[in-house]
Amino acid sequence: MKPLTEHDIRASFVNSTKGEAKRMHVPRDLGERRWDDLDFLGWRDPAAPDRSYLVIELDGELVGIALRRATKAGLARKTMCSWCLTTHQGDGVSLMTARKAGKSGQLGNSVGAYVCADLDCSLYLRGKKSAGPGSRFKESITLDEQSERLLTGVRAFLGRVRS
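Residues numbered from 1 in each chain as written. Predicted model: local features only at pLDDT ≥ 70, side-chain atom pairs only at ≥ 80, totals over all residues. Heavy atoms only, no water.

A. Examining the nonpolar core more closely. Core analysis: the largest hydrophobic core is formed by 27 residues, its most contacted members being Phe 40, Leu 54, Trp 83 and Phe 157. Among the elements of the structure, β2 (51-58), β3 (61-69), β6 (93-99), β7 (110-116), α4 (121-125) and α5 (143-162) are those that each provide at least two residues to this core. Beyond its immediate stretch of four places on either side in the chain, Trp 83 contacts Phe 40, Leu 54, Ala 113, Val 115, Leu 119, Cys 121, Leu 150, Gly 153, Val 154 and Phe 157. Membership of the second largest hydrophobic core comes to 15 residues, among which are Leu 4, Phe 13, Ala 21 and Met 24. (Core = buried A, V, L, I, M, F, W, Y, C linked by side-chain atoms within 4.5 Å. Buried < 20%, exposed > 50% of the residue type's maximum accessible area, 1.4 Å probe, protein only. Helix = DSSP H or I, 4+ residues; strand = E, 2+ residues; numbered from the N terminus. Contact = heavy atoms within 4.5 Å.)

Written out as structure tokens, the structure is:
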């Protein structure tokens, strides 16, 4: 992923108002990020732990979405991210919902997916971050193919947000 600026990020959101995008917390370490290791930029809002954000480049255009993390109920168990296929114990995977863009979102419609709660899918995929022993299965496909599978899942989710 190419390096992004705060202005780029705030201007990219498709399911937030301009005011919401202006008020959201943007990571302060953009200049220090290892952009080559990222398929998309994802982060949790430190001031509101149930809010997360994702920005990705699609067809030369930056697309950002605001996500809301569902509260987890029940016993801690292993769950798998639907994008990167990393297995986490406890609350490492959460149902993330995104308000749909446009009129549909204004009517309260949303979509969701079970994904890594920290949105660090790219780092788990590349072995730069670990969710513990047994969290990643040995796969017979290449890292590039795994990365493409991850991006296919994210693109499909964004397609549902934008539809």
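Moving on from the coordinates now.
B. The sheet that holds β7, seen in detail. Strand order in the open sheet formed by five strands is β1-β2-β3-β6-β7, with antiparallel pairing between adjacent strands. One side of each edge strand has no neighbouring strand; the edge strands of this open sheet are β1 (41-44) and β7. Pairs of neighbouring strands in the sheet enclose a mean axial angle of 30°, with direction left out of account. The pairing of β6 with β7 spans seven bridges and is classified as antiparallel. Within β7, the residue paired with Val 93 across the bridge is Cys 116. Its contacts with the sheet put α5 on β2, β3, β6 and β7, and the angle it makes with β2 is roughly 105°. (Pairing = 2+ DSSP bridges. Axes fitted to C-alpha atoms, helices over the stretch in contact; angles between N-to-C directions.)

C. How the structure looks around the packing of aromatic side chains. Summed over the entire model, instances satisfying the criterion amount to four aromatic pairs. Considering the side-chain rings of Phe 13 and Tyr 53, the 5.9 Å spacing of their centres and the 85° angle between planes classify their relative orientation as edge-to-face. Highlighted residues: Phe 13 in the loop between α1 (6-11) and α2 (18-23) and Tyr 53 in strand β2, separated in sequence by 40 residues. Phe 13 sits in the buried class, given a relative accessible area of 9%. On the numbers, 5.3 Å between centres and 35° between planes, the contact of Trp 43 with Tyr 53 is tilted. Of this pair, Trp 43 sits in strand β1 while Tyr 53 is found in strand β2, placing the two residues 10 residues apart along the sequence. Looking at Trp 43, the relative accessible area reads 4%, which means it is buried. (Phe/Tyr/Trp six-rings, centres within 6.5 Å; stacked < 30°, edge-to-face > 60°.)

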